[in-house]
Amino acid sequence: MYDRILVPTDGSAETERVVEHAAELAEAHGAELHAIYVVNSATFASLPMETSWEGINDMLQEEGESALEDVRRVADRYDVSLTTHLVEGPPNREIVRYAEQGGFDLIVMGTHGRGGIDRLLLGSVAERVVRASTVPVLTVRVGADENSPKTEASEGAKGSS
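Every value quoted in this text rests on a predicted model; they were computed, and no experiment measured them. (Residues numbered from 1 in each chain as written. Predicted model: local features only at pLDDT ≥ 70, side-chain atom pairs only at ≥ 80, totals over all residues. Heavy atoms only, no water.)

> Any details on the overall build of the protein? Residues and values, ideally.
What the protein contains, in helices and strands, is six helices and six strands. Within the protein, residue pairs in contact and separated by at least 24 positions form 74% of the contacts whose partners lie at least 6 positions apart. Counting every atom, the protein has about 8900 Å² of accessible surface; 49% of that belongs to carbon and sulfur. (Helix = DSSP H or I, 4+ residues; strand = E, 2+ residues; numbered from the N terminus. Contact = heavy atoms within 4.5 Å. Areas by Shrake-Rupley, 256 points an atom, 1.4 Å probe, with all protein chains shown as cover.)

> Describe in detail the pattern of salt bridges, supporting the description with residues and values.
Following the criterion strictly, the structure yields seven salt bridges and no others. R77 serves as the salt-bridge partner of E20, at 2.8 Å between the closest nitrogen and oxygen. One end of the pair, E20, is in helix α1 (residues 15-29); the other, R77, is in the loop between α2 (53-75) and β3 (82-88), and 57 residues separate them in sequence. Judged by its relative accessible area of 24%, E20 falls in the partly exposed class. Here E94 makes a salt bridge to R97, at a shortest N to O gap of 2.7 Å. (Salt bridge = Lys/Arg side-chain N within 4 Å of Asp/Glu carboxyl O. Buried < 20%, exposed > 50% of the residue type's maximum accessible area, 1.4 Å probe, protein only.)

> Lay out the pairing of strand β4 (residues 106-110) in plain terms, naming residues and giving numbers.
Counting buried positions along β4 yields five of five residues, so the element is predominantly enclosed. Across the two faces of β4 the burial is the same, with L106, V108 and G110 and I107 and M109 all buried. Taken together, the two bridges between strand β1 (residues 4-9) and β4 define a ladder with parallel strand orientation. What sits directly across from L6, in β4, is I107. Across four bridges, the pairing between β4 and strand β5 (residues 137-140) is parallel. Paired with G110 across the bridge in β5 is V140. (Pairing = 2+ DSSP bridges.)

> Describe the pairing of β1, and please don't skip the residues or the numbers.
Among the six residues that make up β1, five are buried, leaving the element largely enclosed by the rest of the structure. Here β1 pairs with strand β2 (residues 32-39) via six bridges, running parallel. Looking at the pairing, L6 lines up with H34 of β2. Handedness of the β-α-β unit built from β1, α1 and β2 comes out right-handed. (Right-handed = clockwise from strand over helix to strand, strands pointing away.)

> Describe the nonpolar core, and please don't skip the residues or the numbers.
Ranked by internal contacts, the top residues of the largest apolar core, which has 29 residues, are I5, V7, L33, L106 and V108. For this core, the secondary structure elements donating two or more residues are β1, α1, β2, α2, β4 and β5. If one sorts the elements of this core by residue count, α2 sits on top with seven residues. With sequence-adjacent residues up to four places away left out, L33 is seen in contact with I5, V7, A22, A23, A26, A75, V80, S81, L82 and T83. Among the nonpolar cores identified, the runner-up in size contains 16 residues, and I95, Y98, I107 and A126 belong to it. (Core = buried A, V, L, I, M, F, W, Y, C linked by side-chain atoms within 4.5 Å.)

Encoded structure:
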């Protein structure tokens, strides 16, 4: 059923649960697992001009590489092949673009990541991906209540058409 699974990561601790779920699915289906980290450089566009863009870009790239290495450590516990990708742009758009152009069968992502006030004002990346993607999206509930009894029942596949 699944040959290519994409798991976006934001480097947050909660992502481990999402990667485990994606790796289990990939292992069960003999699918390729791909992880993507999107460097959202627009977040830093409002910094003062004297701030070194090169330094910030290097920091963002390193953060992305670290997040992808965390995914690799989790995926190594499963019998799956993992390919990692570091891209730049608006996270929701890049995840959808990458999944659709890469011929992925499924996107597995957490319901919450790093968002804070941005999430409240703009909506979550996961919600935007679910709404825009032609590739089915499986959301894994993460966050403060991830150990609650309702967590397992709240996971579900969502696709948009």
